[in-house]
Amino acid sequence: MSDLKTKFEQAVASSKTLPDRPDNQTLLKLYALYKQATSGDVEGKRPGFTDMVGRAKWDAWNELKGTGADDAMTQYIALIDDLKG
């Protein structure tokens, strides 16, 4: 397993034990970076306006379209490191 993937998995584990709960925008960013790193570009239709949470998640992930998995992992790790303080 690559060093980056190992650091990414450690950051994912650390995300569950952060000292403070991040705000919603940061949580969406973490979600989008995680999905981009693990699944690639978003697929499927954007959820309807009645599914506000699903729509926000889809939009956040869609903003990262074209970002490579390694870049998304690097950004995720950096964001978790910032949140850990």
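Residues numbered from 1 in each chain as written. Predicted model: local features only at pLDDT ≥ 70, side-chain atom pairs only at ≥ 80, totals over all residues. Heavy atoms only, no water.

**Student:** Would you take a moment to explain the pattern of salt bridges for this structure?
**Tutor:** Two side chains of opposite charge can pair, provided their charged atoms sit close to one another. Counted according to the given criterion, the structure contains three salt bridges. As a salt-bridge pair, K7 and D3 come within 3.7 Å of each other at their nearest N and O atoms. Taken as a pair, K7 and D3 lie in helix α1 (residues 3-15) at a separation of four residues, close to a single helical turn. Relative accessible area serves as the criterion here: at 42%, K7 is assigned to the partly exposed category. D81 serves as the salt-bridge partner of K84, at 3.8 Å between the closest nitrogen and oxygen. (Salt bridge = Lys/Arg side-chain N within 4 Å of Asp/Glu carboxyl O. Helix = DSSP H or I, 4+ residues; strand = E, 2+ residues; numbered from the N terminus. Buried < 20%, exposed > 50% of the residue type's maximum accessible area, 1.4 Å probe, protein only.)

**Student:** Would you take a moment to explain the environment of V53 for this structure?
**Tutor:** Along the chain, the position of V53 falls in helix α3 (residues 52-62). Judged by relative accessible area, V53 falls into the exposed class, the value being 57%. Note: C-alpha distance between V53 and L28 (25 residues apart in sequence) is 9.7 Å.

**Student:** Just checking my understanding: could you explain the packing of helix α2 (residues 24-39) against helix α4 (residues 69-84) for this structure?
**Tutor:** The angle between the axes and the distance between the axes are what describe a pair of packed helices. Remark: α2 packs on α4, axes separated minimally by 8 Å, with the N-to-C direction vectors making an angle of 150°. Classified by the angle between their axes, α2 and α4 sit roughly antiparallel to one another. The way α2 lies across α4 gives a crossing that is left-handed. Across from T26, K29, L30, L33, Y34, Q36 and A37 in α2, the residues of α4 making contact are A69, A72, M73, Q75, Y76, L79, I80 and L83. In the contact of α2 with α4, the residues fall into 11 nonpolar, three polar and one charged. (Axes fitted to C-alpha atoms, helices over the stretch in contact; angles between N-to-C directions. Parallel < 35°, antiparallel > 145°, perpendicular 65-115°, else oblique. Left-handed = near helix turned anticlockwise from the far one by under 90°. Contact = heavy atoms within 4.5 Å. Nonpolar A, V, L, I, M, F, W, Y, C, P; charged D, E, K, R; others polar.)

**Student:** Would you take a moment to explain the environment of Q10 for this structure?
**Tutor:** Mapped onto the elements of the fold, Q10 is located in helix α1. When the C-alpha atoms of Q10 and T26 are compared, they prove to be 18 Å apart, with 16 residues separating the residues in sequence.

**Student:** When you look at the nonpolar core in this model, what are you seeing that I'm missing?
**Tutor:** Within soluble globular proteins, side chains that are nonpolar tend to cluster in buried spots. Core analysis: the biggest nonpolar cluster contains 19 residues, and F8, L33 and Y76 have the highest contact counts within it. Elements represented by at least two residues in this core include exactly α1, α2, α3 and α4. With six residues, α4 is the single largest residue contributor to this core. In this view, F8 contacts Y34, A37, T38, M73, Y76 and I77; residues no more than four positions away in its chain are not counted. (Core = buried A, V, L, I, M, F, W, Y, C linked by side-chain atoms within 4.5 Å.)

Purely geometric numbers; function is a separate question.
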